[in-house]
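Listed here are the chains, written in short residue letters.
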Amino acid sequence: MPPARIADPASGAPFLLTPGPLTTSAEVKRAMLRDWGSWDDDFRAMTAEMRQRLLAIAGDRGDYDCVPMQGSGSFCVEAMLGSFVPRDGKVLVLANGAYGLRAAQTLAYLGRGCSLIDKGDYLPPRGAEVSAALAADPAITHVLAIHCETSSGILNPLAEIAEVTAQAGRELLVDSMSAFGALPLDVTEIQVEAFVSSANKCIEGVPGFGFVIARKSTLAAAKGNSHSLALDLYAQWQVMNTTGQWRFTPPTHAVAAFLTALRAHEAEGGASARLARYTNNRDIVVAGMRAIGFETLLDDAWLSPIIVTFFCPADPAFDFARFYAAMKARGFIIYPGKLTVAESFRIGCIGQMDGDIMLRAAAAEALAELDVRSAAPPEAAKAARAQLVA
């Protein structure tokens, strides 16, 4: 039996075509209508169930544990780097967008050593160059990879990176913020020390916290290493395993919503079913946008099912602020671009949306309102893309 059609948000709210926060189900929203005591047994049971469900999605067989952490995804990335990278350690950061560069900036704040492979906006880091960088610098202790770089929408070759990192005897840390829960990340298949994700991404919860899934041995070795009281993953892990509680005030309503979202994730068919829905969303919106002249930043081989970057049209009548307003008036909130070489915008494929909804998201009416005759990008943008992907 085909899945039920996803209903429009209540009260005429727009769909969020963004990579999180995203459009959530009515059930997830309703879960936040009750107050919870942070020390209460019921809430502690909710936290325990949440952690076990996340470990199950990751394929854990007992070697890993899940540590939720208050704050945005960047809080969790900093907690992971500050807790697991020794103070005399050095991280090879693989960047092809804003979030890899943010990780490098975080390491600078933390006073941890950092080496950077910066691929710009278009290209994925490949195993051979990671292997060469590790061979050239024995001081590197860790590699930090971005699973899906949402500033461009590129899906990076995580398995390839993990393989060469393990062969070099280094430890892999992964920012899977926008990928976990849909894209494959099985700890029995990919050798990873730890990875982070967030409640308001592919699990389809709301903002308020993220989580780190890490080897128990890595967590145990992190005692006393953190630069921060609040972001100490070892301390959070110890308190949770001893008392079932969060060390500091937890985002109770966000946890309740997330647990509802986790149960819906399982009912839908898990990560594989969610990946299939998101992939269909991507294919529909890309086909629709290309049909009216838009071009994607990336070749099809690197398009993720999470978010897609489109070049802004060269037509002088195009103005992003007006285009954004026209799309919002039609029930869709899109995302500004983050590229350094060309003007762009992004359309997210995740959240409570299906193919029928994505068919409605094509921008032909918005372009007509702006009197844009052609959605083709500037020749300079196409030339830069051709040079970088050659």
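Predicted model, so just to flag it, every value in this text is computed and none were measured. (Residues numbered from 1 in each chain as written. Predicted model: local features only at pLDDT ≥ 70, side-chain atom pairs only at ≥ 80, totals over all residues. Heavy atoms only, no water.)

Chemist: Please clarify how the overall build of the chain should be interpreted in this entry.
Modeler: Scanning the chain for helices and strands turns up 14 helices and 14 strands. The globule rule puts the C-alpha radius of gyration for 390 residues at 21 Å, and the 21 Å found for the chain is close to it. For the chain, the C-alpha atoms occupy an extent of roughly 60 × 55 × 40 Å along the three principal directions. Going through the 390 residues of the chain one by one, you find that 55% of them count as buried. Relative to all contacts within the chain whose residues are 6 or more apart in sequence, the contacts with residues 24 or more apart total 73%. If the 34 positive side-chain charges of the chain are averaged to one point and the 41 negative ones to another, these points end up 3 Å apart. (Helix = DSSP H or I, 4+ residues; strand = E, 2+ residues; numbered from the N terminus. Rg over C-alpha atoms; globule rule 2.2 N^0.38 Å. Buried < 20%, exposed > 50% of the residue type's maximum accessible area, 1.4 Å probe, protein only. Contact = heavy atoms within 4.5 Å. Lys, Arg positive; Asp, Glu negative; His and termini not counted. Charge placed at Lys NZ, Arg CZ, Asp CG, Glu CD.)

Chemist: Looking at this structure, how should I read the state of the cysteines?
Modeler: Per the stated rule, a full pass over the model turns up 0 disulfides. Cys-66 supplies the cysteine sulfur nearest to Cys-76, a cysteine that is in no disulfide, at a spacing of 9.6 Å. The closest cysteine sulfur to the non-disulfide-bonded Cys-202 is located on Cys-148, 8.1 Å from its own sulfur. For Cys-202, a relative accessible area of 0% gives the class buried. (Disulfide = S-S within 2.5 Å.)

Chemist: What exactly am I supposed to notice about the pairing of strand β14 (residues 344-348) here?
Modeler: The element β14 is largely enclosed, with a buried count of 5 among its 5 residues. Burial along β14 is two-sided: the face carrying Ser-344, Arg-346 and Gly-348 and the face carrying Phe-345 and Ile-347 are both buried. Of the pairings in the sheet, the one linking strand β11 (residues 307-311) to β14 comprises 5 bridges and is antiparallel in character. Across the sheet, residue Val-308 finds its bridge partner in β14, namely Ile-347. Alignment of strand β13 (residues 335-336) against β14, held across 2 bridges, turns out to be antiparallel. Across the sheet, residue Pro-336 finds its bridge partner in β14, namely Phe-345. (Pairing = 2+ DSSP bridges.)

Chemist: Is there a simple way to think about the sheet that holds strand β3 (residues 90-95) in this case?
Modeler: The strands that make up a sheet are held in pairs by hydrogen bonds between backbone atoms, and each pair lies either parallel or antiparallel. The 7 strands are arranged β2-β10-β9-β8-β5-β3-β4 in an open sheet whose pairing can be described as mixed. The open sheet has two free edges, formed respectively by β2 (64-70) and β4 (113-118), since each of these has just one partner strand. Ignoring strand direction, the axes of neighbouring strands in this sheet form an average angle of 20°. Two strands pair when backbone bridges link them, and strand β9 (residues 194-198) and strand β10 (residues 209-215) are joined in this way by 5 bridges, in the antiparallel orientation. Opposite Val-196, over in β10, you have Val-212 as the bridge partner. In the packing of helix α6 (residues 158-167) onto the sheet, the strands contacted are β3, β5 (142-146) and β8 (171-175), and the crossing angle to β8 comes to about 160°. (Axes fitted to C-alpha atoms, helices over the stretch in contact; angles between N-to-C directions.)

Chemist: Teacher, can you tell me more about the packing of helix α2 (residues 41-57) against helix α8 (residues 233-243) here?
Modeler: For any two helices packed against each other, the geometry comes down to the angle between their axes and how far apart the axes lie. Interaxial distance between α2 and α8 falls to 11 Å at its minimum, and their mutual angle equals 120°. With respect to α8, the axis of α2 lies oblique. Relative to α8, the crossing made by α2 is left-handed. Residues Arg-44, Thr-47 and Arg-51 of α2 lie in contact with α8, whose contacting residues are Trp-237, Met-240, Asn-241 and Thr-243. Its residues assigned to classes, the contact of α2 with α8 comprises 2 nonpolar, 3 polar and 2 charged. (Parallel < 35°, antiparallel > 145°, perpendicular 65-115°, else oblique. Left-handed = near helix turned anticlockwise from the far one by under 90°. Nonpolar A, V, L, I, M, F, W, Y, C, P; charged D, E, K, R; others polar.)

Chemist: I would appreciate a short explanation of unusual backbone geometry in the present structure.
Modeler: Negative phi is the rule for most residues except glycine; trans is the rule for most peptide bonds. Cis rather than trans, the peptide bond between Gly-20 and Pro-21 has omega equal to 5°. Within the element layout of this structure, Pro-21 appears in the loop between β1 (15-16) and α1 (26-30). The phi torsion at Glu-204 lies on the positive side, around 70°, for a residue other than glycine. Tracing the chain through its elements places Glu-204 in the loop between β9 and β10. Of note, the phi angle at Asp-371 is positive, near 60°, even though the residue is not glycine. Relative to the helices and strands, Asp-371 is located in the loop between α13 (364-370) and α14 (379-389). The exposure class assigned to Asp-371 is partly exposed, which follows from its relative accessible area of 45%.

Chemist: Would you explain the side chain of Ser-151 in this entry?
Modeler: With respect to the helices and strands, Ser-151 occurs in the loop between β6 (148-149) and β7 (154-155). Here Ala-98 takes part through its backbone nitrogen, which lies 3.1 Å from a polar atom of the side chain of Ser-151. Apart from the residues lying within four places of it in its own chain, the contact partners of Ser-151 are Asn-96, Gly-97, Ala-98, Tyr-99, Thr-309, Lys-338, Leu-339 and Arg-346. (Polar contact = N/O pair within 3.5 Å; in protein donor to acceptor, adjacent residues only side chain to side chain.)

Chemist: Before we go on, may I ask you to explain the sheet that holds β14 in this structure?
Modeler: An order of β11-β14-β13 is seen for the 3 strands of this open sheet, with the pairing classed as antiparallel. Since the sheet does not close on itself, it has two edges, and those belong to β11 and β13, each with one partner. Packed on one face of the sheet, helix α10 (residues 270-291) meets β11 and β14 and runs near 10° to β11.

Chemist: How should I be thinking about the side chain of Ser-197 in this particular structure?
Modeler: Position of Ser-197 relative to the elements: it lies in strand β9. Among the polar contacts listed, one links the side chain of Ser-197 to the backbone oxygen of Ser-176, at a separation of 3.3 Å. A polar side-chain atom of Ser-197 sits 3.1 Å from the main-chain carbonyl oxygen of Met-177. The contacts of Ser-197, once residues within four sequence positions are left out, are Ser-176, Met-177, Phe-180, Gly-210 and Phe-211.

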